[in-house]
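# An overview of the molecular structure
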Amino acid sequence: MSTHAECFERIVRRIAPGARLLRQWELTGGVSARVTALEFARVSGETARLVVRRYGETDLRRNPNLAADELRLLHLVRAAGVAAPEPHFADQSGEIFPTPFIVVEFVDGTPRDTPADAADLVDQLARQLAAIHRIDSARHGHDLAFLRPVEEAVAHTLRPPPASPGDPLETRMRAALAAGPPARRNPPVLLHGDYWPGNALWRDDRLVAIIDWEDAAVGDPLADLANARLELLWALGEEAMRRFTARYLALAASDTTDLPYWDLWAALRPLGRFEAWAADAVARAAMRERHGWFVEEAFGRV
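Since this is a predicted model, take the numbers as computed values, not measurements. (Residues numbered from 1 in each chain as written. Predicted model: local features only at pLDDT ≥ 70, side-chain atom pairs only at ≥ 80, totals over all residues. Heavy atoms only, no water.)

### Let's talk about the nonpolar core
The biggest cluster of nonpolar side chains holds 75 residues, and the ones touching the most others in it are L73, V77, L125, M173, W213, F244 and W262. For this core, the leading source of residues is helix α7 (residues 222-236), giving nine residues. Excluding anything up to four places from it in sequence, F244 contacts V122, L125, A126, L129, Y195, L225, A228 and L232. The next biggest cluster of nonpolar side chains, apart from the first, holds 17 residues, and it includes I11, L38, F40 and V52. (Core = buried A, V, L, I, M, F, W, Y, C linked by side-chain atoms within 4.5 Å. Buried < 20%, exposed > 50% of the residue type's maximum accessible area, 1.4 Å probe, protein only. Helix = DSSP H or I, 4+ residues; strand = E, 2+ residues; numbered from the N terminus. Contact = heavy atoms within 4.5 Å.)

So this is what it looks like as structure tokens:
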């Protein structure tokens, strides 16, 4: 059986014949996949970097073809001018690693938790999300039928309900969401599926890549908008959330009648994960407080 180092050697040699692996290191932040950065030397002596993303069991149960689908999607979004890593290849054969994986370029950038200019960060995030939602798959020669409809993601979130919800707010949220997504008022678009600041890489205050596309779907653009709103509320506060919403809507002109529904769906998804996501009790309490405000604010607009 090959060691991980030998597997990574095979990957870099597939990209650059004769290349030599110099080092490897795990990239933190992901919860659904194992992500490893590789640095290698080409025959010429030039060094380069790659990222190998090995998918977890949960995602593969949902979509065994995930590696090939993400490869296809990255080609599509880059052709449309969206900032995303360049894909190299996907492997589902089990010949290198036993689980499917994708290899993409290493983007020289980092997430921005505490930006010097929050307003500019929010504006760039809004522009990039609007660009994703404007992708015309037909014009770019692609069919998005390989992506799941967002309604499947909603059904997955709601099923199965807990025997005894720990948060009394959860019962109200599930009741409000039980009827399923409302009839579409907006044309279905490409959805990133997990659009938040942690999936954006920055360099010199410029957004250089949106990463982690394994949750991509097709459906109401408000699904992406709602998720980003909650995440920005947590990360930067209410003013940043409202600015992001306004900037996005100025570019996308979506009908927001059903935004409260999608806000509630976005707020239901992280329940039970606060302990894992928050660094300490203080951060956890702040997260819960803002989450509660977000949910009540959505109920107030239903």
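### A word on unusual backbone geometry
Among all residues except glycine, the phi angle is most often negative; among peptide bonds, the trans geometry is most common. Positive phi, normally seen in glycine, also occurs at D212, with a value near 60°. Of note, D212 is situated in the loop between β9 (206-210) and β10 (217-219). One non-glycine residue, A253, lies in the positive phi region at around 55°. Within the secondary structure, A253 sits in the loop between α8 (238-252) and α9 (259-268).

### Considering the sheet that holds strand β4 (residues 87-91)
Pairing in this open sheet of five strands is antiparallel, and the strands run β1-β2-β3-β5-β4 from one edge to the other. Each of the sheet's edge strands pairs with one partner strand only, and the pair in question is β1 (20-26) and β4. This sheet shows a mean twist of 20° between the axes of neighbouring strands, independent of strand direction. Where β1 lies against strand β2 (residues 33-41), six bridges are found, and the strand directions are antiparallel. By the bridge assignment, Q24 is partnered in β2 with L38. (Pairing = 2+ DSSP bridges. Axes fitted to C-alpha atoms, helices over the stretch in contact; angles between N-to-C directions.)

### Focus on the packing of aromatic side chains
On inspection of all chains with the given rule, the structure shows eight aromatic pairs. Measuring from ring centre to ring centre gives 5.7 Å for F97 and F101, while their planes differ by 85°; the resulting arrangement is edge-to-face. The class for F97 is buried, based on a relative accessible area of 3%. The buried category is assigned to F101, whose relative accessible area is 0%. Where W234 meets W277, the ring centres are 6.3 Å apart and the plane angle is 80°; that geometry is what we call edge-to-face. Pair noted here: W234 is in helix α7 and W277 is in helix α10 (residues 274-277), with a separation of 43 residues, a long-range link. Put simply, the rings of F8, F89, F97 and F101 pair up and form one aromatic cluster. Across from the ring centre of W25, 3.9 Å away, lies the NZ or CZ of R23, which sits over that ring. (Phe/Tyr/Trp six-rings, centres within 6.5 Å; stacked < 30°, edge-to-face > 60°. Lys NZ or Arg CZ within 6 Å of the ring centre and 35° of its normal.)

### Some details on the layout of surface pockets
Here the second largest pocket is characterised by a volume of approximately 150 Å³. Lining the second largest pocket are A130, H133, R134, N186, P187, V189, P221, Y248, L251, A252, A253 and S254. Elements with a contribution of two residues or more to the lining of the second largest pocket: α4 (118-133) and α8. The element contributing the most residues to the lining of the second largest pocket is α8, with three residues. Per-class residue counts for the lining of the second largest pocket are eight nonpolar, three polar and one charged. (1 Å grid on protein atoms, 1.4 Å probe; cavity = no way out; pocket = protein on both sides within 12 Å on 5 of 7 lines; lining within 4 Å. Points joined across faces, edges and corners; volume = space filled by probe spheres on them. Nonpolar A, V, L, I, M, F, W, Y, C, P; charged D, E, K, R; others polar.)

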